[in-house]
Amino acid sequence: MGVLEINDFPISPILRIEVDTCPLCKGFWFDGGELRKTLKSKNGIVDEADWSSLPRTLELDSKAGNCPRCKIIMVRVPSLQDRRINLDYCANCDGFWVDGGEMEQLEKGGYVKRTIFGI
């Protein structure tokens, strides 16, 4: 993860939120509640889940990085939209790191509302 840049993330023709993006890895940082705004599904929104009850493995946890906000180690949790997609979650500041490839999977699955692809 390189130095993060602030970018507009269009979630409807008139609504945008600011998210932090990494120009190197194309990943996205969503502060608490921001990921919820980008997801279409009203049932099982990943950042409203009790992250401690989600299944985790040592393999997944070993791949998690440090939170770009508070620097503590994040945990890997499966997306409730698609259990094959694992997101990094910070239990301290309630934020999510979504790798560029994971964002593409969420978009292809129709879970992300973004109207324009390619931040």
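As shown above, the structure is provided for reference.
Everything in this summary refers to the structure shown in the same document. All values derive from a computational prediction rather than experimental measurement. Residue indices begin from 1 for each chain and proceed along its sequence in written order. Note on the predicted model: pLDDT of at least 70 is required for a residue's local features to be given, and 80 or more for side-chain atom pairs to be given and counted; whole-chain, interface and lining totals, by contrast, use all residues. Water and hydrogen atoms play no part in the side-chain values, which are based on all heavy atoms of the structure.

**Description of unusual backbone geometry**
Positioned with a positive phi, Lys 26 is a non-glycine residue whose angle comes to about 65°. Here Lys 26 shows up in the loop between strand 2 (16-21) and strand 3 (28-30). We call a residue buried when its accessible area falls under 20% of the maximum for its residue type, exposed when it is over 50%, and partly exposed in between, using a 1.4 Å probe and counting protein chains only. Look at Lys 26 and you get partly exposed, because its relative accessible area is 48%. What counts as a helix is a DSSP run of H or I of at least four residues, what counts as a strand is a run of E of at least two, and both are numbered from the N terminus.

**Observations regarding the pattern of salt bridges**
A pair is scored as a salt bridge if a Lys or Arg side-chain nitrogen falls within 4 Å of a carboxyl oxygen belonging to Asp or Glu. Here the structure, examined in full by the defined rule, presents five salt bridges. Asp 31 is the salt-bridge partner of Arg 69, the closest N and O atoms lying 3.0 Å from each other. Taken together, the residues span a long stretch of sequence, with Arg 69 in the loop between helix 2 (58-62) and strand 4 (75-78) and Asp 31 in the loop between strand 3 and helix 1 (34-38) at a distance of 38 residues. It is possible to trace a salt-bridge network through shared partners that takes in Asp 20, Asp 31 and Arg 69.

**Description of the side chain of Arg 76**
Relative to the helices and strands, Arg 76 resides in strand 4. Polar contact is defined as a pair of N or O atoms within 3.5 Å, subject to the rule that within protein one atom must be able to donate a hydrogen and the other to accept it, and that residues adjacent in sequence are counted only when both atoms are side-chain atoms. Within the structure, Arg 76 has its side chain in polar contact with the side chain of Asp 88 (distance 3.1 Å). Polar side-chain contacts of Arg 76 include one of 3.2 Å to the side chain of Glu 102.

**Some remarks on the nonpolar core**
We define a nonpolar core as any set of buried Ala, Val, Leu, Ile, Met, Phe, Trp, Tyr and Cys residues linked to one another through side-chain atoms lying within 4.5 Å. In this structure, Phe 9, Phe 30, Leu 35, Val 98 and Met 103 are the most contacted members of the largest nonpolar core, which totals 18 residues. Those residues in contact with Val 98 that lie beyond four places of it in its chain are Gly 27, Phe 28, Phe 30, Leu 35, Leu 87, Met 103 and Leu 106. Trp 29, Cys 67, Met 74 and Cys 90 belong to the second largest nonpolar core, which has six residues in total. For this analysis, residues touch if any pair of their heavy atoms sits within 4.5 Å.

**Comments concerning the sheet that holds strand 3**
We treat two strands as partners when DSSP finds at least two bridges between them. An order of 1-2-3-6-5-4 is seen for the six strands of this open sheet, with the pairing classed as antiparallel. Bordering the open sheet on either side are strand 1 (5-10) and strand 4, each of which pairs with just one other strand. Between one strand and the next, the sheet's axes are offset by a mean angle of 40°, whatever the strand orientation. As paired strands, strand 4 and strand 5 (residues 86-89) are joined by four bridges and run antiparallel to one another. If you follow Val 77 over to strand 5, its bridge partner there is Leu 87. Fitted lines through C-alpha atoms give the axes, limited to the stretch in contact for helices. The angle between two N-to-C directions lies from 0 to 180 degrees.

**A word on the packing of aromatic side chains**
Here a pair means two rings of Phe, Tyr or Trp (six-membered ring of Trp) with centres within 6.5 Å. Their orientation is stacked below 30 degrees between planes, edge-to-face above 60, and tilted elsewhere. Scanning all chains against the criterion turns up four aromatic pairs. Look at Phe 9 and Phe 30: their rings are 5.6 Å apart centre to centre, the planes differ by 80°, and that puts the pair in the edge-to-face class. Within this pair, whereas Phe 9 is found in strand 1, its partner Phe 30 is found in strand 3, the two being separated by 21 residues in sequence. Taking relative accessible area as the criterion, Phe 30 reaches 0% and is therefore assigned buried. With centroids separated by 4.8 Å and ring planes inclined at 45°, the aromatic side chains of Tyr 89 and Phe 96 adopt a geometry described as tilted. Residues Tyr 89 and Phe 96 agree in their burial class; the two are buried. Aromatic rings pair up to connect Phe 9, Phe 28 and Phe 30 into one cluster.

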